[in-house]
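Residue-level structural notes
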Amino acid sequence: MSEKKRRYFIRTFGCQMNESDSERISGMLDQTGAVKAERPEDADLIIVNTCAVREKSEEKLFSYLGRLAQLKKKRTLRIAVVGCVAQLRGWELLGKKGAVDFVLGPDNTAELLSLVKEDAAEKHVSTSWSEEWHETSPGLIQRDSPVSAYVTVMEGCDNFCAYCIVPYTRGREKFRPLRSILEEVRDLARKGYLEVQLLGQNVNSYRDPASGRPFTELLREVAAVEGIEWIRFLTSHPKNFRPEIAEAVAGLRKVCRQLHLPLQSGSNAVLKRMKRGYTKEEYLDIISGLRSLMPEISLSTDIIVGFPGETEPDFEESVEVLRQVRFSSIFSFRYSPRPLTAASRLEDSVPKEVKQRRLAEIQHLQKTIQLEDHSRLVGKTMKVLCLGRGQKTPQLFTGRNEGNQVVNFRSPDDPTGRLVDVHITAFGPYSLLGEKTA
Ligand code: 5AD
Ligand code: SF4
């Protein structure tokens, strides 16, 4: 009789970095002969990959752990918490609803392999830092998409923005060797991937640890890989955004004319308290530099409302920048005090209702901007990388254009994994609708 295979389920909270880490964890577990389950009910090992960036993300985790605790009452089940909350809370998590068995920080995830192989019954917590870049074999990553791939180029952050917990959960900046990044990209090209998204908390500060070659050189090398058609990267920091990066984006055909450049606030007083290291004017100069080189570039940003001491005029300055720049999308958040951060020592002075009202106001403004800008695209034909069928609308295919906008479209054949021309016929605030023409 064959031995029953272990089945694992992964739940991922948070950013693309976490999604990418989960793909690596899946690949690692597949090597042990385990198989991925589609539902937690079908698994005997559940990995929860966590985000600590806002209090709400931690709350979501705790309520999820509550559900898993119920599941655990009915059957044998091991639960591992990995990622940022694992690093932040460590042993504390073992007490949470009694559900958790293993706690592994971002630098300790590889230990999951031996815990699974040995069928460890003991509780285990590991949150030590490593100064070195951890190499994983790219061939072992089990990616969710067969079309577009995340490629991590750096980990951690040295910036210590006053509100941000990342430097405490992901540690200091560590750069991945250029050679290893290129190996992964070449492997992806051989497998038929058309798009790579280079990931890191602050990709602009990238330097190859061996040669010191900067981010622009990395972009050039990746662009030289045959088979890869589109290259995106995130996140950029305005403080490290040098004109050479704009020139590389403009000069390299494969690098998408699209940039995520977090503003956080439009008020210089708030930016200073946030320790962002740039002014509103410097940010706007970067934007005009980019637009003079590439008038069609699509820009997105992150905004925090209600940072300690943010006055109504401060907030109005953020609104004004949104009006002026007309981002193609924004991620907006209410400030949430996080442990260990400099801002957590300031009084969280903006009342919750005020934060909520400010958030609603910028989201409403952004929705209006997107509707207006999308309406101008009707009748145009654009290149779209088809990522597959729509999840909610399987009769439509879905993909992204060069500007990273979502485009849903009809097609007589299945163009998944291809760059196709789509004629735009309609729009909503968050996506475009069209027909494939070629
Ligand atoms: N509160 C609210 N938003 C935050 N972000 C990071 N830390 C906080 C916080 N404490 C936002 C920033 C960052 C994005 C990933 O999350 O806008 O760019
Ligand atoms: Fe956080 Fe600032 Fe680093 Fe971004 S740059 S991860 S906001 S500390």
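Small disclaimer: the values here were computed from a predicted structure and weren't measured.

What the five strands build is a closed barrel, ordered S15-S16-S17-S19-S18; its pairing is mixed. Direction aside, neighbouring strands of the sheet carry axes that sit 50° apart on average.

Our next topic: the domain arrangement of the protein. One can read the domain layout of the protein as domain 1 (7–126), domain 2 (138–373) and domain 3 (381–436). Between domain 2 and domain 3 the total buried area reaches about 1400 Å² when both faces are included, carbon and sulfur atoms providing 66% of it. A per-residue breakdown of the area domain 2 buries against domain 3 is headed by Val147, Trp230 and Leu371, which together make up 39% of the total. Summed over the shared surface of domain 2 and domain 3, the result is zero salt bridges. The interface formed by domain 2 and domain 3 contains five residue pairs in polar contact (both at pLDDT 80 or more). Elements that contribute at least two residues to the side of domain 2 that touches domain 3 include exactly strand S11 (230–234) and helix H13 (352–375). At three residues, the largest contribution of residues to the side of domain 2 that touches domain 3 is made by H13.

Scanning the model with the defined rule gives 37 salt bridges in all. Here arginine 242 and glutamate 244 are joined by a salt bridge, their closest N and O atoms 3.3 Å apart. Look at arginine 242 and you get partly exposed, because its relative accessible area is 27%. One salt bridge connects glutamate 310 with arginine 358, and the closest N-O pair in it is separated by 2.9 Å. Highlighted residues: glutamate 310 in the loop between strand S13 (298–305) and helix H12 (312–325) and arginine 358 in helix H13, separated in sequence by 48 residues. The residues glutamate 310 and arginine 358 share a single accessibility class, namely buried. A single salt-bridge network, built from bridges that share partners, covers Glu310, Glu312, Arg357, Arg358 and Glu361.

This paragraph deals with the side chain of serine 20. Among the structural elements, serine 20 can be located in helix H1 (residues 16–31). Within the structure, the side chain of serine 20 is placed 3.4 Å from the side chain of threonine 152, a separation counted as a polar contact. Excluding residues within four positions of it along the chain, serine 20 makes contact with Tyr150, Thr152 and Leu199.

By nearness alone, every residue bordering ligand 1 is listed as Val53, Arg54, Tyr163, Gln264, Asp302, Ile304, Phe333, Arg334, Tyr335, Ser336 and Arg338. Aspartate 302 places a side-chain nitrogen or oxygen 2.6 Å from an oxygen atom of ligand 1. Calculation on ligand 1 without its partners gives an accessible area of 400 Å², and the protein chains cover 85% of this total. Taken together, the residues of the shell around ligand 1 sort by class into five nonpolar, two polar and four charged.

Side chains of Arg11, Lys56, Lys60, Arg67 and Lys352 sit close together on the surface and give a patch of like positive charge. Ranked by residues supplied to the positive patch, first place goes to helix H2 (residues 55–74) with three residues. Relative to the assigned elements, arginine 67 resides in helix H2. Arginine 67 gets classed as exposed once you look at its relative accessible area, which sits at 56%.

Counting residues in hydrophobic clusters, the biggest one holds 58 residues, and the most contacted among them are Leu198 and Phe233. Tallying contributions element by element places helix H7 (residues 178–190) first for this core, with six residues. The contact partners of phenylalanine 233, leaving out residues within four places of it in the chain, are Leu198, Val203, Asn204, Phe215, Leu219, Ile245, Val249, Val255 and Leu259. In terms of nonpolar packing, the next biggest core, distinct from the first, is built from 29 residues, Leu61, Ile79, Leu88 and Val100 among them.

For the rest of this paragraph, the subject is the sheet that holds strand S10 (residues 195–199). In spatial order, the strands read S7-S10-S11; together these three strands make up an open sheet with parallel pairing. Each of the sheet's edge strands pairs with one partner strand only, and the pair in question is strand S7 (148–152) and S11. Ignoring which end each strand starts from, the neighbouring axes of this sheet average 20° apart. Pairing of S7 with S10 involves five bridges; the strand directions are parallel. Its bridge partner lying in S10, alanine 149 is registered against valine 196. The strands that H7 touches are S7 and S10; relative to S7, the one it contacts most, it runs at about 170°.

Here is what the cut-offs are and how they apply
- Residues numbered from 1 in each chain as written.
- Chains lettered and ligands numbered in written order.
- Predicted model: local features only at pLDDT ≥ 70, side-chain atom pairs only at ≥ 80, totals over all residues.
- Heavy atoms only, no water.
- Pairing = 2+ DSSP bridges.
- Helix = DSSP H or I, 4+ residues; strand = E, 2+ residues; numbered from the N terminus.
- Axes fitted to C-alpha atoms, helices over the stretch in contact; angles between N-to-C directions.
- Domains from an automatic or database assignment.
- Buried area = accessible area lost by both parts, 1.4 Å probe.
- Salt bridge = Lys/Arg side-chain N within 4 Å of Asp/Glu carboxyl O.
- Polar contact = N/O pair within 3.5 Å; in protein donor to acceptor, adjacent residues only side chain to side chain.
- Buried < 20%, exposed > 50% of the residue type's maximum accessible area, 1.4 Å probe, protein only.
- Contact = heavy atoms within 4.5 Å.
- Near = heavy atom within 4 Å.
- Areas by Shrake-Rupley, 256 points an atom, 1.4 Å probe, with all protein chains shown as cover.
- Nonpolar A, V, L, I, M, F, W, Y, C, P; charged D, E, K, R; others polar.
- Patch = residues over 30% accessible without salt bridge, like charges linked within 9 Å, V, L, I, M, F, W, Y side chains within 5 Å.
- Lys, Arg positive; Asp, Glu negative; His and termini not counted.
- Charge placed at Lys NZ, Arg CZ, Asp CG, Glu CD.
- Core = buried A, V, L, I, M, F, W, Y, C linked by side-chain atoms within 4.5 Å.

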